[in-house]
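So the chains spell out like this:
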Amino acid sequence: MSLPLEGIKVIDFTQVQAGPACTQLLAWFGADVLKVERVDGGDITRHQLRDIPDVDALYFTQLNSNKRSLALNTKTAEGKEILEKLIRGADVLVENFGPGAMDRMGFPWEHIQELNPKLIYGSVKGFNDESAFGMVLRPSAPQRWATAIAECIWPLEFSLP
């Protein structure tokens, strides 16, 4: 049986909870999700709340299972070249960085669109960039989970057998 998102390639630049939950749902529906992480330790939740030394934390595993992973230094010319190749071949890019992070990385929307005009760009945030509450309030865990599910699934239309 095929899954509805088989053949869809997703670049996952997310971390912690809402973003990884979003991209995990895409993976469950068959998308090929490549989680891109920092070279100096990856997603912070790999190391938080560890039960067993030198093993990824269960929290990380729960939100990132069914994904491939790549450590990439986007501050180097080689890292930027690799990311450009990934963007050219992807269908979706999802990030949950702070405002302007992709621009500072050298990948503003205009550049990304030049590399792949058909790319769907998803940005998972607790608040919009101009919100006075963005740095003060944080949604509760159930709210973040519900938001991630809604943001990932709502725009998709497909039926399961």
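Predicted model, so just to flag it, every value in this text is computed and none were measured.

Draft legend 1. Just the overall build of the chain, in detail. In terms of regular secondary structure, the chain is built from 6 helices and 5 strands. Put simply, the chain runs from its N terminus to its C terminus through helices and strands in the order β-α-β-α-β-α-β-α-α-β-α. The 161 residues of the chain split such that 35% are buried. If you sum the accessible surface of the chain, you get close to 9,800 Å²; carbon and sulfur atoms cover 58% of it.

Draft legend 2. Structural detail: the side chain of Asn96. Position of Asn96 relative to the elements: it lies in the loop between strand S4 (92-95) and helix H4 (101-104). The class of Asn96 is buried, set by a relative accessible area of 17%. Of the polar contacts made by the side chain of Asn96, one reaches the backbone oxygen of Gln15; its length is 2.9 Å. Among residues more than four places away in sequence, those in contact with Asn96 are Phe13, Thr14, Gln15, Gly19, Pro20, Val124 and Lys125.

Draft legend 3. Representation of helix H3 (residues 77-89) within the structure. With 13 residues, H3 extends 19 Å between its outermost C-alpha atoms, agreeing within 8% with the 18 Å of an ideal straight helix rising 1.5 Å per residue. Along H3, the residues that are buried comprise Gly79, Leu83 and Ile87. In a view along the axis of H3, the buried residues occupy a sector of 75°, so they form one face of it. Opposite the buried face of H3, at more than 90 degrees from it, the exposed residues are Ala77, Glu78 and Lys85. Those residues of H3 that are buried are in contact with strand S1 (9-13), S4 and helix H5 (109-115).

The rules we used
- Each chain has its residues counted from 1, running along the sequence as written.
- At least 70 in pLDDT is required for a residue's local features to be given in this predicted model, at least 80 for side-chain atom pairs to be given and counted, and no such filter applies to totals for whole chains, interfaces and linings, which use all residues.
- The side-chain figures draw on all heavy atoms in the structure; neither hydrogens nor water molecules are used.
- Only runs of H or I of at least four residues qualify as helices and only runs of E of at least two qualify as strands under DSSP, and these elements are numbered from the N terminus.
- The classification of residues rests on relative accessible area computed with a 1.4 Å probe and restricted to protein chains. Under 20% of the type maximum is buried, over 50% is exposed, and intermediate values are partly exposed.
- The protein chains shown are the only cover counted for residues, whose accessible areas, like all others here, come from Shrake-Rupley with a 1.4 Å probe.
- We define a polar contact as two N or O atoms separated by no more than 3.5 Å, with the added condition that, inside protein, one atom must be a possible hydrogen donor and the other a possible acceptor, whereas residues neighbouring each other in sequence contribute only through side-chain atom pairs.
- Contacts are assigned to residue pairs that have any heavy atoms within 4.5 Å of one another.
- Here the expected length of a helix is defined as 1.5 Å per residue gap, with one fewer gap than residues.
- Note: the arc covers the axis-to-C-beta directions of the helix.

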